[in-house]
Amino acid sequence: MSRSVLALDIGGTHVTAAQVSPAGVLRDTVVRHAVDSGWSADRLLDAWAGAARAAAGTTPCARVACAIPGPFDYPGGIAHYEGKLAALAGHDVTAGLRARWPASPLATVPLTYVNDAVAFALGEAAAGHGQGARRVIGITLGTGFGSGFIADGQPVTGGPDVPPGGEVRLLPVRGGVADDHLSGPGLRRAHVASGGDALDAREIAARAAQGDARARQVFHDFGHDLGTVLAPWAERFGPDVIVFGGQIARAWPLFAPALASVLPTMTLARSTLLDDANLLGAAAAARAIPGPSEAVTARSATPP
């Protein structure tokens, strides 16, 4: 059987699928579809399964590996969403996907899951700015706020050096939680609160790049708050580098100076792998499982 893994990067605005060999993402297999996190469960599963089938073609693969946001039961394949992707709450995603590719090369291969931010961090540690580093923090900034803490190539989700579950999204900021503020919806709310229009993150970034003072202040505050949330855990974990990805990271010049002012001793980088990081990380996590298995989660451990 081929050593390639069929990897899916599932988010609130897109699904990307591609075959990933030990040498990297096979570019001629990449399929990307736009999705809406408010779609019905059937429509979302149709989009995910369709992207996977298109990327797989007729080529057998070793596994299907999904990088998917939480809250999600990664061992069981059950979604527990409340906001974005809420239509899938309680759904058995494994059963839903398998029902949509019964006659394809994907029908009988193991299906695994890993948190999308952990997948991003694994991909960066393997082939991005974290390559060769012992400790890497990966941060994803998009429709949600995600994190992955990697030590010696392994995800860390427990112990005194990382927040509970290795997740920064529920850490406190501005009287709420980080996921509500350090995300696309958070940027929209901040822009409205400052007296601006209800724009999405890309539109606010475009205005900021053109010199709009309100939009620039929103991104400055975003960078400052991001650094404030990360600072105590970055100090404890001691990363060689913190890498930032996701759609908001494309606006890096707009918030990086404020971020760096709060984390002056840390090495900070914007991902150049972008979507490839999640695909590479999902495939790497799946390959680490010996024999057939239906799921993968981050290991809970405190590295020496």
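Located above this text is the structure these notes cover.
We now turn to the structure provided with this report. On a predicted model such as this, the values are computed, not experimentally measured, just so you know. (Residues numbered from 1 in each chain as written. Predicted model: local features only at pLDDT ≥ 70, side-chain atom pairs only at ≥ 80, totals over all residues. Heavy atoms only, no water.)

### Structural notes on the packing of helix α7 (residues 213-237) against helix α8 (residues 252-262)
Stage number 1. Relative orientation of the contacting elements α7 and α8 amounts to 35 degrees, with a least axis distance of 7 Å. In the crossing of α7 with α8, the sense of the turn from one axis to the other is right-handed. Together, R216, F219, H220, F222, G223, H224, L226, G227 and T228 of α7 and L254, F255, A258, L259 and V262 of α8 make up the contact between the two elements.
Stage number 2. Across the contact of α7 with α8, the residue classes break down as eight nonpolar, five polar and one charged. (Axes fitted to C-alpha atoms, helices over the stretch in contact; angles between N-to-C directions. Helix = DSSP H or I, 4+ residues; strand = E, 2+ residues; numbered from the N terminus. Left-handed = near helix turned anticlockwise from the far one by under 90°. Contact = heavy atoms within 4.5 Å. Nonpolar A, V, L, I, M, F, W, Y, C, P; charged D, E, K, R; others polar.)

### Structural notes on the side chain of N115
Stage number 1. If you trace the backbone, N115 turns up in strand β8 (residues 111-115).
Stage number 2. A polar contact is formed between the side chain of N115 and the side chain of Y74, at a distance of 3.0 Å.
Stage number 3. One polar contact links the side chain of N115 to the main-chain amide nitrogen of A117, over a distance of 2.9 Å. (Polar contact = N/O pair within 3.5 Å; in protein donor to acceptor, adjacent residues only side chain to side chain.)

### Thoughts on the pairing of strand β9 (residues 135-141)
Stage number 1. Most of β9 sits inside the fold, with seven of its seven residues counted as buried.
Stage number 2. On β9, burial covers both faces: R135, I137, I139 and L141 on one face and V136, G138 and T140 on the other are all buried.
Stage number 3. Direction of pairing for β9 relative to strand β10 (residues 145-151): antiparallel, over a ladder of seven bridges. When the sheet's bridge partners are listed, R135 is paired in β10 with A151.
Stage number 4. Connecting β9 to the next strand, β10, in antiparallel fashion are three residues.
Stage number 5. Bridge count between β9 and strand β14 (residues 241-245): five bridges; the pairing is parallel. Within β14, the position partnered with V136 by the bridge is V241. (Buried < 20%, exposed > 50% of the residue type's maximum accessible area, 1.4 Å probe, protein only. Pairing = 2+ DSSP bridges.)

### A short note on the sheet that holds β9
Stage number 1. Pairing is mixed across the open sheet formed by five strands, whose spatial order is β11-β10-β9-β14-β15. At either margin of the open sheet sits one strand with a lone partner, and together these are β11 (154-155) and β15 (268-270).
Stage number 2. On the sheet, helix α3 (residues 116-127) packs against β9, β10, β11 and β14 and is oriented at approximately 45 degrees with respect to β10.
Stage number 3. With respect to the sheet, α7 is in contact with β9, β10 and β14, its orientation differing from that of β9 by roughly 155 degrees.

### A word on the pairing of β10
Stage number 1. Across the seven residues of β10, seven count as buried, placing the element largely inside the fold.
Stage number 2. As defined by bridge partners, β10 adjoins β11 across two bridges and the pair is classed as antiparallel. Paired with I150 across the bridge in β11 is P155.
Stage number 3. In this antiparallel pair of consecutive strands, β10 and β11, the connection spans two residues, and D152 shows a positive phi of 50 degrees.

### A short note on the state of the cysteines
Stage number 1. One pass over the full model with this rule turns up zero disulfides.
Stage number 2. The thiol sulfur of C61 is not disulfide-bonded, and the nearest other cysteine sulfur, from C66, lies at 11 Å.
Stage number 3. Take C66: its relative accessible area is 1%, and that puts it in the buried class. (Disulfide = S-S within 2.5 Å.)

### What about the packing of aromatic side chains?
Stage number 1. Scanning the entire structure with this criterion turns up eight aromatic pairs.
Stage number 2. Judged by centre distance (5.2 Å) and plane angle (80 degrees), the ring pair of F149 and F237 falls under edge-to-face. Residue F149 is located in strand β10, and its partner F237 is located in helix α7; the two are separated by 88 residues in the primary sequence.
Stage number 3. Owing to a relative accessible area of 3%, F149 belongs among the buried residues under this scheme.
Stage number 4. Three or more aromatic residues link up through ring pairs in this structure, and these residues are F219, F222, F244, W252 and F255.
Stage number 5. For R43, the ring lying beneath its charged end belongs to W39, and the centroid distance is 3.9 Å. (Phe/Tyr/Trp six-rings, centres within 6.5 Å; stacked < 30°, edge-to-face > 60°. Lys NZ or Arg CZ within 6 Å of the ring centre and 35° of its normal.)

### Focus on the packing of α3 against helix α9 (residues 275-287)
Stage number 1. Between α3 and α9, whose axes approach to 6 Å, the crossing angle comes to 90 degrees. As judged from the angle between their axes, α3 and α9 are roughly perpendicular. Facing α3, whose interface residues are D116, A119, F120, L122, G123, E124 and A127, α9 presents A277, N278, L280, G281, A282 and A285.
Stage number 2. Taken together, the residues of the contact of α3 with α9 break down into eight nonpolar, three polar and two charged. (Parallel < 35°, antiparallel > 145°, perpendicular 65-115°, else oblique.)

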